[in-house]
Amino acid sequence: CERAIGLDESDERGFRMAVDGAPGKHCGPARTACALVGRGYLDDGRPASKLLLRPLTGRRHQLRVHCLHLGHGIVGDVAYTGDTA
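What counts and what doesn't
Residues numbered from 1 in each chain as written. Predicted model: local features only at pLDDT ≥ 70, side-chain atom pairs only at ≥ 80, totals over all residues. Heavy atoms only, no water. Salt bridge = Lys/Arg side-chain N within 4 Å of Asp/Glu carboxyl O. Helix = DSSP H or I, 4+ residues; strand = E, 2+ residues; numbered from the N terminus. Buried < 20%, exposed > 50% of the residue type's maximum accessible area, 1.4 Å probe, protein only. Contact = heavy atoms within 4.5 Å. Pairing = 2+ DSSP bridges.

## Observations concerning the pattern of salt bridges
Close approach of charged atoms allows side chains with opposite charge to pair. Summed over the entire model, instances satisfying the criterion amount to seven salt bridges. Arg 46 is the partner of Asp 44 in a salt bridge, and the nearest nitrogen-oxygen pair spans 2.8 Å. When the shortest N-O distance is used, the salt bridge between Arg 46 and Asp 83 registers 3.2 Å. One end of the pair, Arg 46, is in the loop between strand S3 (32–41) and strand S4 (47–55); the other, Asp 83, is in the segment after helix H2 (78–81), and 37 residues separate them in sequence. Each of Asp 44, Arg 46 and Asp 83 takes part in a single network of salt bridges with overlapping partners.

## Concerning unusual backbone geometry
Even without a glycine there, the phi angle at His 61 is positive, about 60 degrees. Tracing the chain through its elements places His 61 in the loop between S4 and helix H1 (62–69). Residue classification places His 61 among the buried residues on the basis of a relative accessible area of 17%.

## Some details on H1
Buried within H1 we find Gln 62, Val 65, His 66 and Cys 67. Among the structural elements, strand S1 (5–7), strand S2 (17–19), S3, S4 and H2 are those in contact with the buried residues of H1. At the C-terminal side of H1, Gly 71 shows a positive phi close to 90 degrees.

## Considerations on the pairing of S4
Pairing between S3 and S4: nine bridges, direction antiparallel. Residue pairing for S4: Leu 36 is matched across the bridge by Leu 51. Linking S3 back to S4 in an antiparallel pair, the connection comprises five residues, with Gly 45 at a positive phi of about 95 degrees.

Right, here's the structure in full:
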């Protein structure tokens, strides 16, 4: 994934980042190498993918934001997906 990451303007706390977020000092290019390792199901039956991620740049929350953008939120990431599994 190669998408810029910046502050999520909809987050009042200023914690979350977003793909193509607000321009400014916290926004910049971000690159993550991603490979599918496997597919399966969580204990509750939801489909899950196992990914090998390698950040090629160092943006805040980069892996979390890129995974969410690709439709693969990280399991248990309450801040970004609300998932408590």
